[in-house]
Structure formats: C-alpha cells, structure tokens
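Survey of secondary and tertiary structure
Here is what each chain is made of, one letter per residue.
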Amino acid sequence: MSKSLKQFIKYPILIVFSLIALYPIFLMFLSSVKPNLEILTSPLSFPKAFTLENYATVWEKVNFSSYVWNSVYVSALSIFFILFFSSLAAFYLSRYDFKWNAFILFFFMLGLMIPMKLAILPLYMMMLKLGLLNSLNSLIIVYIAGNVPFAVFVFYGFFRSLPKDLDQSARLDGCNEFQIYYKIILPLMRPSLAIVGIVNLIGVWNDFFYPLIFIHDDAKNTIPLGMLSLFGEYDTQWNLLFAGLSISSLPMIVAFLLASKQFIEGLTTGAVK
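In this text the structure is predicted, and so the values were computed from the model without any measurement. (Residues numbered from 1 in each chain as written. Predicted model: local features only at pLDDT ≥ 70, side-chain atom pairs only at ≥ 80, totals over all residues. Heavy atoms only, no water.)

**A closer look at the overall build of the protein**
Each helix and strand counted, the protein has 13 helices and 0 strands in total. Ordered by position from N to C terminus, the α and β elements of the protein give α-α-α-α-α-α-α-α-α-α-α-α-α. On C-alpha atoms alone, the protein measures out to a radius of gyration of 23 Å, which is more than a quarter above the 19 Å that the 2.2 N^0.38 rule sets for 273 residues. A burial count over the protein gives 39% of its 273 residues as buried. Put simply, the protein shows about 16100 Å² of open surface, and 72% of that area lies on carbon and sulfur atoms. (Helix = DSSP H or I, 4+ residues; strand = E, 2+ residues; numbered from the N terminus. Rg over C-alpha atoms; globule rule 2.2 N^0.38 Å. Buried < 20%, exposed > 50% of the residue type's maximum accessible area, 1.4 Å probe, protein only. Areas by Shrake-Rupley, 256 points an atom, 1.4 Å probe, with all protein chains shown as cover.)

**Some words on the packing of helix α4 (residues 64–95) against helix α7 (residues 136–161)**
Axis separation between α4 and α7 bottoms out at 6 Å; the angle between their running directions is 35°. Classified by chirality, the crossing of α7 by α4 is right-handed. Taken together, the residues that form the contact of α4 with α7 break down as 22 nonpolar, 7 polar and 2 charged. (Axes fitted to C-alpha atoms, helices over the stretch in contact; angles between N-to-C directions. Left-handed = near helix turned anticlockwise from the far one by under 90°. Nonpolar A, V, L, I, M, F, W, Y, C, P; charged D, E, K, R; others polar.)

**Comments concerning empty space enclosed by the protein**
Scanning the model with the defined rule gives 1 cavity of 30 Å³ or more in all. At the level of elements, α4 and α10 (190–205) are the ones that each hand at least two residues to the lining of the largest cavity. The leading source of residues in the lining of the largest cavity is α4, at 3 residues. Broken down by class, the residue content of the lining of the largest cavity amounts to 5 nonpolar, 3 polar and 1 charged. (1 Å grid on protein atoms, 1.4 Å probe; cavity = no way out; pocket = protein on both sides within 12 Å on 5 of 7 lines; lining within 4 Å. Points joined across faces, edges and corners; volume = space filled by probe spheres on them.)

**Quick notes on helix α3 (residues 53–61)**
What α3 keeps buried is the set Asn-54, Tyr-55 and Val-58. Down the axis, α3 shows its buried residues gathered within 100° of arc, on one side only. Those residues of α3 that are exposed and aimed more than 90 degrees away from the buried face are Glu-53, Glu-60 and Lys-61. Asn-63 lies just past α3 and shows a positive phi near 65°. (Arc of directions from axis to C-beta.)

**Some remarks on the packing of α4 against α10**
The relative placement of two packed helices comes down to the angle between their axes together with the axis-to-axis distance. One can describe the packing of α4 onto α10 by two numbers: an axis separation of 10 Å at closest approach and a directional angle of 145°. Seen along the crossing, α4 lies across α10 with a hand that is right-handed. Across from Ser-71, Val-72, Val-74, Ser-75, Ser-78, Ile-79, Ile-82 and Leu-83 in α4, the residues of α10 making contact are Leu-193, Val-196, Gly-197, Asn-200, Leu-201, Val-204 and Trp-205. Its residues assigned to classes, the contact of α4 with α10 shows 10 nonpolar, 5 polar and no charged. (Contact = heavy atoms within 4.5 Å.)

**Focus on the packing of aromatic side chains**
Inspection of the entire model under this criterion finds 20 aromatic pairs. Measuring from centroid to centroid gives 6.0 Å for Tyr-143 and Tyr-210, while their planes differ by 80°, and the two rings are edge-to-face. You can see Tyr-143 sitting in helix α7 and its partner Tyr-210 sitting in helix α11 (residues 209–214), a full 67 residues away along the chain. Across this residue pair, the class does not change: Tyr-143 and Tyr-210 are buried. Grouping aromatic residues by their ring pairs yields a cluster made of Phe-91, Tyr-92, Tyr-96, Phe-158, Phe-159, Phe-178, Tyr-181 and Tyr-182. (Phe/Tyr/Trp six-rings, centres within 6.5 Å; stacked < 30°, edge-to-face > 60°.)

**Looking at α10**
Turn by turn, an α-helix covers 3.6 residues, leaving residues three or four places apart pointing in a common direction. When the terminal C-alpha atoms of α10 are compared, their 21 Å separation across 16 residues agrees well with the 22 Å that a helix rising 1.5 Å per residue should span. Those residues of α10 not exposed but buried are Pro-191, Ser-192, Ala-194, Val-196, Gly-197, Ile-198, Asn-200, Leu-201, Val-204 and Trp-205. (Expected span 1.5 Å × (residues − 1).)

**Side note on the side chain of Asn-239**
Positionally, Asn-239 belongs in helix α13 (residues 238–266). Looking at Asn-239, its side chain comes within polar contact range of the side chain of Asn-54, at 3.1 Å. Among all residues touching Asn-239, those that are not within four sequence positions of it are Ser-31, Ser-32, Lys-34, Pro-35, Asn-36, Ile-39 and Asn-54. (Polar contact = N/O pair within 3.5 Å; in protein donor to acceptor, adjacent residues only side chain to side chain.)

**Some thoughts on the confidence of the model for the protein**
Averaged over all residues, the pLDDT of the protein equals 82, while 92% of them reach at least 70. When pLDDT is averaged over each helix and strand of the protein, the minimum, 77, is found for α13 and the maximum, 91, for α11. Long-range and interchain partners of residues 266–273, a stretch whose pLDDT sits below 50, account for 15 contacts in this model, where long-range means more than four residues apart. (pLDDT = per-residue confidence, 0-100.)

Encoded structure:
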C-alpha cells in the first residue's frame with residue numbers, strides 16, 4: 001500500500017473518531033441555548049431560535065458566579081501547591097542519595113495504594129477539631145494530600161531521566177540548590193507539569209464527594225455541588241443545567257489547550273551544558 005493511500009485512509013478515520021468524541025460536547029452547547037420544552041420534545045435537533053437567556057438566568061439567579069469563583073479558588077491553589085510540593089519532593093528524592101531515600105519514596109507510593117475516601121471519618125474529625133469545616137481551605141488541604149503521591153511518582157521518574165551533569169554545570173556557574181531546581185530543572189519539567197496539572201485539575205474541578213462532606217453553606221459550594229440546585233424533586237430545568245455545564249466546561253477546555261501547548265513546547269526545551 002502506497003504512502004499516499006495510507007494517508008488518504010488515515011485522515012477520514014481520524015475525522016470520524018474526532019466527530020464522535022466531540023458530538024456530546026456539541027450537543028451540550030446546543031441544548032444550552034434551547035428552552036426547556038424544546039429540549040424535552042426535540043433533544044437532538046437544532047434550536048428554533050438561539051438564546052443566551054439560559055446563561056444569564058444561571059449566572060444571576062442560581063448564584064452560579066459564586067460557584068465558579070469557589071471552584072477557581074480551590075482548583076488554582078490546590079494545583080499550585082500540588083505541583084510545588086511534589087516537584088520539590090521528587091527533586092530531592094531523585095537528585096540526592098541519603099539513608100531514608102527509599103523509605104520516603106515508598107511512603108509516597110502508599111498514597112497511591114490507599115484510597116483517601118476510606119479515611120473520610122478521620123478526615124472529617126480532623127477538620128472539625130481544626131475548625132476548618134464549611135471552609136474552602138479544608139478542600140484545598142484534602143486535595144493536596146490526596147494528589148501529591150501521584151505527582152511525586154510522575155516527577156520522580158522524570159527527574160531520574162535527566163542527567164546530573166545539569167546540576168554540576170549549574171553549581172560551577174554559582175547556582176545554589178534551589179536555583180538549580182528553579183532555573184535549570186523546572187523549565188525542563190514542562191511536559192510532566194502539564195500532565196500532572198491537567199490530570200489533577202480535572203479531578204479537583206469535577207469533584208463532588210469532598211465538597212458534599214465538608215461544605216454546608218450554599219454560598220461556599222463548588223460547581224458540582226451547586227449544580228444540585230438545578231435538580232428539582234419533580235422537575236429538572238435541563239436548559240439551565242446544560243448552560244451551567246457549558247460554563248463549567250469552558251475553563252477545562254482552555255486549560256487543556258494551554259497544557260497541550262506547553263507539553264509540545266517542553267519536549268524541545270533545554271539542553272545539557
């Protein structure tokens with residue numbers, strides 16, 4: 001089979017799979033600009049008239065702006081500290097040899113083996129004694145503790161693949177240990193930072209379990225928990241629900257596009273001095 005024929009067959013197949021993957025997202029956005037009755041009667045059809053009233057109603061009357069801000073606050077701080085703490089820990093474990101190196105690494109790996117949801121009762125009592133119940137900071141602490149082991153595991157493998165000649169060259173140039181991490185190693189970490197960042201961001205942004213346990217005030221709800229207000233006992237406002245889902249999905253789409261760009265650029269960044 002010639003190369004041109006392979007290309008001719010490959011691209012239509014890729015286009016078909018892309019359309020299949022994107023169709024649910026397209027249907028969600030399409031439903032978000034329909035009246036509720038039209039969604040129930042013609043769920044797969046194009047709307048008779050496009051309207052942004054659903055978005056305005058969700059944003060103003062359902063307090064969705066507060067839910068978005070809470071999710072942004074929790075997700076941004078959680079991802080920042082996950083990347084910062086785990087990258088420092090992995091850098092130290094991979095670049096320096098000491099007596100307890102293997103034990104500390106195994107301690108982090110235990111976090112991958114034991115689900116944190118099994119410890120929900122001790123976590124609840126801990127937050128109660130610390131006075132952090134019904135606080136967004138309790139979510140940040142839990143997300144950091146639960147996601148650092150995976151991040152350390154990824155970063156440790158990445159750091160081990162980097163030659164230690166980089167460290168020696170930086171020391172000869174007068175860099176201290178933190179400058180080696182920040183100025184030399186960190187720019188080379190962008191592929192792994194993008195992977196860990198986007199994986200953890202999706203989990204934190206879409207998490208429903210921990211906000212349900214630790215948050216009791218409606219004004220402090222994150223998006224997944226706040227979406228419950230759109231589900232009625234006898235009726236569901238599907239038009240508002242799809243509008244809320246569309247708003248909540250936009251930051252994930254933007255973050256994914258930015259992370260993908262950083263991943264591609266990071267593959268060719270940096271060199272051994």
